[in-house]
Amino acid sequence: MTEPAMETVDSFGMTAERLFAEVWSRPVLSVRERRLLLLGLLVGQGLHEATEIQLDVALRAGELNESELREVVVFLTHYAGWARGAKLNDQVESLIERVRRDRRDRADPSG
């Protein structure tokens, strides 16, 4: 990669990072509220990979608990459609199981 191209990539990355940091830290909406809005948008658009990332962050950061994630599935299924709702349900249940397994493994490292 040439030097000017590298500068462009770094400049874009820094700009995007700053933009997202500013958007997510504005005081009117909480991070949890922003996460819920983002999840609705991602599910509605069928952006499954990005949805999975945001679900993981929401659960691991304590922004949403297991019951709340399941309620998000129920709610969004009615607005985003049954196919997207079924995919979201699969993602949520897989995530819950994965996080529970990770927590068990950390609590008992001997297996």
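The name given to the protein chain in an unreviewed UniProt entry is Carboxymuconolactone decarboxylase family protein, and the organism recorded there is Nonomuraea salmonea.

Enquirer: Would you mind going over the side chain of Glu66 in detail, with residue names and values included?
Expert: Here Glu66 shows up in helix H4 (residues 66–80). Judged by relative accessible area, Glu66 falls into the buried class, the value being 18%. Ignoring any residue separated from it by four or fewer positions in sequence, one finds Glu66 in contact with Leu59, Ile96 and Arg100.

Enquirer: Run through the packing of aromatic side chains, naming residues and quoting values.
Expert: Under the counting rule described, the total for this entry stands at one aromatic pair. Note on Phe75 and Tyr79: the rings are 5.0 Å apart at their centroids and 35° apart in plane angle, and the pair reads as tilted. Taken together, the positions of Phe75 and Tyr79, both in helix H4 and four residues apart, correspond to about one turn of that helix. The exposed category is assigned to Tyr79, whose relative accessible area is 66%.

Enquirer: A description of the pattern of salt bridges should follow, citing residues and the corresponding values.
Expert: Summed over the entire model, instances satisfying the criterion amount to nine salt bridges. Ionic pairing is found between Asp102 and Arg60, a salt bridge with its closest N-O pair at 3.1 Å. Taken as a pair, Asp102 in helix H5 (residues 82–107) and Arg60 in helix H3 (residues 48–60) lie far apart in primary sequence, 42 residues in all. Note that Glu66 is salt-bridged to Arg100, the shortest N-O span being 2.5 Å. Highlighted residues: Glu66 in helix H4 and Arg100 in helix H5, separated in sequence by 34 residues. By relative accessible area, which is 36% here, Arg100 ends up partly exposed.

Reading the values: rules and limits
Residues numbered from 1 in each chain as written. Predicted model: local features only at pLDDT ≥ 70, side-chain atom pairs only at ≥ 80, totals over all residues. Heavy atoms only, no water. Helix = DSSP H or I, 4+ residues; strand = E, 2+ residues; numbered from the N terminus. Buried < 20%, exposed > 50% of the residue type's maximum accessible area, 1.4 Å probe, protein only. Contact = heavy atoms within 4.5 Å. Phe/Tyr/Trp six-rings, centres within 6.5 Å; stacked < 30°, edge-to-face > 60°. Salt bridge = Lys/Arg side-chain N within 4 Å of Asp/Glu carboxyl O.

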